[in-house]
Amino acid sequence: MNTPGLPAYPAPLAPWACDPRHTRGRRVPEAPAPPRNEHQRDRDRIVHSTAFRRLVYKTQVFINHEGDLFRTRLTHSLEVAQLGRSAARALQLNEDLVEAIALAHDLGHTPFGHAGQDALHDCMREHGGFEHNLQSLRVVDALEARYPGFDGLNLSFETREGILKHCSARNAARLVQAEPQGPGRRFVEGTQPSLEAQLVNLADAMAYNAHDIDDGVRSGLITLAQLADVPLFAHWKQQVLADHPQLASQPGRRLLFETLRRMLSAQMADLIAATSEAVRSHAPADADAVRRLPPLARFSAGLQAQITELQRFLFSALYRHPQVMHTTAQARTALVELFAAYRADPGAMPADFATASDGARAVADYIAGMTDRYALREHFRLTGRRVFAD
Ligand code: MG
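Rules and cut-offs
- Residues numbered from 1 in each chain as written.
- Predicted model: local features only at pLDDT ≥ 70, side-chain atom pairs only at ≥ 80, totals over all residues.
- Heavy atoms only, no water.
- Phe/Tyr/Trp six-rings, centres within 6.5 Å; stacked < 30°, edge-to-face > 60°.
- Helix = DSSP H or I, 4+ residues; strand = E, 2+ residues; numbered from the N terminus.
- Buried < 20%, exposed > 50% of the residue type's maximum accessible area, 1.4 Å probe, protein only.
- Lys NZ or Arg CZ within 6 Å of the ring centre and 35° of its normal.
- Axes fitted to C-alpha atoms, helices over the stretch in contact; angles between N-to-C directions.
- Left-handed = near helix turned anticlockwise from the far one by under 90°.
- Contact = heavy atoms within 4.5 Å.
- Nonpolar A, V, L, I, M, F, W, Y, C, P; charged D, E, K, R; others polar.
- Donors = N, O, S within 2.8 Å, 3.2 Å for Na, K, Ca; no water.
- Parallel < 35°, antiparallel > 145°, perpendicular 65-115°, else oblique.
- Expected span 1.5 Å × (residues − 1).
- Salt bridge = Lys/Arg side-chain N within 4 Å of Asp/Glu carboxyl O.
- Core = buried A, V, L, I, M, F, W, Y, C linked by side-chain atoms within 4.5 Å.

**Student:** I'd like to hear about the packing of aromatic side chains, residue by residue, with values.
**Tutor:** Across all of its chains, the model carries three aromatic pairs by this definition. Ring centres of Tyr342 and Tyr366 lie 5.4 Å apart, and the angle between their planes is 70°; this geometry places the pair in the edge-to-face category. Here Tyr342 is found in helix H16 (residues 322-344), whereas its partner Tyr366 is found in helix H18 (residues 359-368), with 24 residues between them in sequence. We classify Tyr366 as buried; its relative accessible area is 10%. Summarising the aromatic geometry, the rings of Phe353 and Tyr366 are spaced 4.9 Å apart at their centres and angled 45° between planes, so their arrangement reads as tilted. Of this pair, Phe353 sits in helix H17 (residues 351-354) while Tyr366 is found in helix H18, placing the two residues 13 residues apart along the sequence. What links up through ring pairs into an aromatic cluster is the set Tyr342, Phe353 and Tyr366. Positioned above the aromatic ring of Tyr57 is the side chain of Arg373, whose terminal nitrogen or guanidinium carbon lies 3.6 Å from the ring centre. Across from the ring centre of Phe380, 3.8 Å away, lies the NZ or CZ of Arg386, which sits over that ring.

Shown next as structure tokens:
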């Protein structure tokens, strides 16, 4: 049977896509590994890494012990990969590269989400600070220790470019000094990453906007009634109720799920249409031309305004909810105390970290790699105090 309207599979790459045959390559040259292309190979290395497995016990918004059904960094990363690949396939971009970037984009996240990152940044203030995007790059460039010939995973330039989503000017200068043509360069030059990397950034936001509503409602911290004031959500909820009026009087989560599903589909269709239009009007000759243009992956202005409003709601109603603030304050204290304990006694860490030449950075690397529950166990072992005991 032929399904009308579906493109050939796999579709040919658009001229402005990152063609894996023209990769800028790896820092340590390696022989090709057919039949896999270089970006499939990156994806495989990421999936088999230790840092990837740890994502299952790292928090997104909620602390890992609060419930088994909340998103973790792992399920979040899988959702980002799913959304990014859908868009990439429709836009004839490099789906393998999108998948690799999406699966790696949060590898550098600390335990306890943003609270953990803020705590480590404070602890590292005198030692160059701590940035989670930079840490993700550090994980794949240096910290994974699995190959005989090099540190890290030795990923291709395009995957590393996508992983380094943000970088401060000071850290960019430092990266460029060590690797003049590396992924830090665009932050000095003010250019963009590949379209594939741009897509992952938008897929990231689509994923957490939707799943934070789901998790927020599940936790009871936000309600469907509050969401009636958020136009993007309210619009699709009305559509669902028009099609399925019985859901209004039924308890249960089908109304929420169907609303989120339609919201995501609408964003995906808008993203594909607006990005196609931007590519058409700028007509980049190839992937390098994309990097010199303004960002081309985008939502329409109307939808972007609705998304911004939704994010404002999530910020004030969920991320700044007193209960979330209370838990994250405790998590923050735990990491600050853990940092101090390892600084006072580096021997409490495994030998690789205890003997590193840059002591503060080694402590940050060690703590950043921890899962939520491992950090709590270590904190108890070293301080004798239990966090989240109440
Ligand atoms: Mg993310």
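**Student:** Residues and numbers for the packing of helix H3 (residues 73-90) against helix H13 (residues 254-282), please.
**Tutor:** Across the interface, H3 lies against H13 with an axial gap of 10 Å and an inter-helix angle of 35°. In the packing of H3 onto H13, the handedness of the crossing is right-handed. Each of Leu83, Ser86, Ala87 and Ala90 in H3 lies in contact with H13, whose residues at this interface are Leu264, Met268, Leu271 and Ile272. Looking at the contact of H3 with H13 residue by residue, the classes come out as seven nonpolar, one polar and no charged.

**Student:** Can you break down the coordination of the magnesium ion residue by residue, with the values?
**Tutor:** Within the protein, the magnesium ion binds to His76 (NE2), His105 (NE2), Asp106 (OD) and Asp204 (OD); these donor distances fall in the range 2.1 to 2.8 Å. Along the chain, the residues donating to the magnesium ion fall in the pattern H-x28-H-D-x97-D.

**Student:** So what's going on with the packing of helix H10 (residues 195-219) against helix H15 (residues 301-319)? Residues and values would help.
**Tutor:** Relative to each other, H10 and H15 sit at 40°, their axes nearing to 11 Å. Taken as axis vectors, H10 and H15 run oblique relative to one another. Crossing handedness for the pair H10 and H15: left-handed. Contact residues: Ala205, Tyr208, Asn209, Asp212, Ile213 and Gly216 in H10; Ile307, Leu310, Gln311, Leu314, Leu318 and Tyr319 in H15. Class assignment of the residues belonging to the contact of H10 with H15 gives a composition of eight nonpolar, three polar and one charged.

**Student:** An account of H16 is needed here, citing residue identities and associated values.
**Tutor:** Across its 23 residues, H16 extends 33 Å between first and last C-alpha, which sits within 8% of the 33 Å expected from 1.5 Å per residue. Along H16, the positions that sit buried rather than exposed are Val324, Thr327, Thr328, Gln330, Ala331, Ala334, Leu335, Leu338, Phe339, Ala341 and Tyr342. At its buried positions, H16 is contacted by helix H5 (113-123), H15, H18 and helix H19 (372-383).

**Student:** So what about unusual backbone geometry? Which residues, and what values?
**Tutor:** Between Pro34 and Pro35 the backbone carries a cis peptide bond, its omega angle lying at 10°. With respect to the helices and strands, the residue Pro35 is situated in the segment before helix H1 (38-47). Located in the positive-phi region is Gln92, a residue other than glycine, with phi close to 55°. Structurally, Gln92 is set in the loop between H3 and helix H4 (95-104). In the Ramachandran plot, Phe112 falls in the positive-phi region, its phi being about 65° despite a non-glycine side chain. Relative to the assigned elements, Phe112 resides in the loop between H4 and H5.

**Student:** Any details on the pattern of salt bridges? Residues and values, ideally.
**Tutor:** Applying the stated criterion across every chain yields a total of 33 salt bridges. Between Asp19 and Arg21 there is a salt bridge whose closest N-O contact spans 2.7 Å.

**Student:** Which residues make up the nonpolar core, and what values go with them?
**Tutor:** Residues Ile46, Leu107, Leu199, Ile213 and Phe233 are the most contacted members of the largest nonpolar core, which totals 70 residues. Ranked by the residues each element gives to this core, the list is headed by H10, at eleven residues. When sequence neighbours within four positions are dropped, the list of residues in contact with Leu199 reads Gly84, Ala87, Ala88, Leu91, Leu93, Leu271 and Ala297.

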